[in-house]
Amino acid sequence: IHGGLGRGNVGLVISQPGIGKSAFLIGLALDDLMQDRKVLHIDTHHTADKVREYYDEIYNDLAETTQLEDRAGVHALIERNRLIHSFCHGSFGMDKLQEHLDYMREHMGFLPDTIVLDGHPDFESTNEGEIKSIAATAERLNAEIWMAGNCQPETTGDVLAIPESVAQFSHSLAVIVGLDPMAD
């Protein structure tokens, strides 16, 4: 996605569990953070410490492979521009997101350019209203929102097929990225 998703848009990365959706989202977030953009990362399955460890692991790999010169300075930039919130055990919803966004704006002066929703919504049980609420939030904040969704392969055998549980919401999504497991 050359140039990014675009402000006010919603993107989705889908795959079977364990393929790399979280790593993909963190890679997108790191790209924004390294461009001095603010990122709010919401995770509904892992603690904030675990997510931060994952960011550090991916960042360190990136810094090593690209031979990044000012690693400490770039890491400080990332830390300064990123907030991680964890909502485990089904405690997250768009109303909670709005509460947190209001608090961050009012008390911290933090307005995210990108929001990562890792684990929300559950595309097997979500509804049109929830997806529209996410899209409206992206538009209202003039921010990119990236989500991750688990999906099982369709029985059609077409690896490019978008599962019906996702396809029904495609009109609210600017981009759908499918990660396909490849044999070694």
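Scroll up a little and you will see the structure.
Let us look at the structure shown here. (Residues numbered from 1 in each chain as written. Predicted model: local features only at pLDDT ≥ 70, side-chain atom pairs only at ≥ 80, totals over all residues. Heavy atoms only, no water.)

Regarding helix α4 (residues 94-108)
Inclusion rule: Numbering of helices and strands starts at the N terminus; helices are DSSP runs of H or I of at least 4 residues and strands are runs of E of at least 2. What a helix should span is 1.5 Å times the count of its residues minus one. Per-residue accessibility, obtained with a 1.4 Å probe over protein chains only, is compared with the maximum for each type, and a residue is labelled buried under 20%, exposed over 50%, and partly exposed between these values. For this quantity, the arc is that covered by the directions from the helix axis to the C-beta atoms. The criterion used for residue contact is that any of the two residues' heavy atoms lie within 4.5 Å.
If you check α4, its first and last C-alpha atoms are 20 Å apart, about what 15 residues at 1.5 Å a residue would give, namely 21 Å. Where α4 is concerned, the buried positions are M94, L97, L101 and M104. With its buried residues spanning 80° around the axis, α4 presents them on a single face. Away from the buried face of α4 by more than 90 degrees, exposed residues D95, E106 and H107 are located. On its buried face, α4 sits against β2 (39-43), β3 (82-86), β4 (114-118) and α5 (128-141). Note on α4: the residue one or two positions beyond its end, G109, has a positive phi of about 65°.

Some thoughts on the pattern of salt bridges
To keep things clear, this is the line we draw: What makes a salt bridge here is a side-chain nitrogen of Lys or Arg within 4 Å of a carboxyl oxygen of Asp or Glu, nothing more.
With the rule as written, the count across this model stands at eight salt bridges. Where E144 meets R37, a salt bridge forms, and the shortest distance between an N and an O atom there is 3.9 Å. You can see E144 sitting in strand β5 (residues 144-150) and its partner R37 sitting in the loop between α1 (21-33) and β2, a full 107 residues away along the chain. R37 gets classed as buried once you look at its relative accessible area, which sits at 17%. Note that R52 and E79 form a salt bridge whose closest N and O atoms lie 3.9 Å from each other. Of this pair, R52 sits in helix α2 (residues 48-65) while E79 is found in helix α3 (residues 71-81), placing the two residues 27 residues apart along the sequence.

Description of the nonpolar core
Looking at soluble globular proteins, one finds that nonpolar side chains tend to be buried together. Stated formally: By convention a nonpolar core is built from buried Ala, Val, Leu, Ile, Met, Phe, Trp, Tyr and Cys residues, the set being connected through side-chain atoms within 4.5 Å.
If you look at the biggest cluster of nonpolar residues, it comprises 26 residues, and the most contacted ones within it are V10, L40, L117, I145 and M147. Counting residues per element, the ones that place at least two in this core are β1 (10-15), β2, α4, β4, α5 and β5. With sequence-adjacent residues up to four places away left out, L40 is seen in contact with L83, H85, L97, L101, M104, F110, P112, T114, I115 and V116. Formed by 19 residues, the second largest nonpolar core is a distinct cluster that contains L25, A29, Y55 and I84.

Such coordinate-based values are descriptive only and should not be taken to indicate function.
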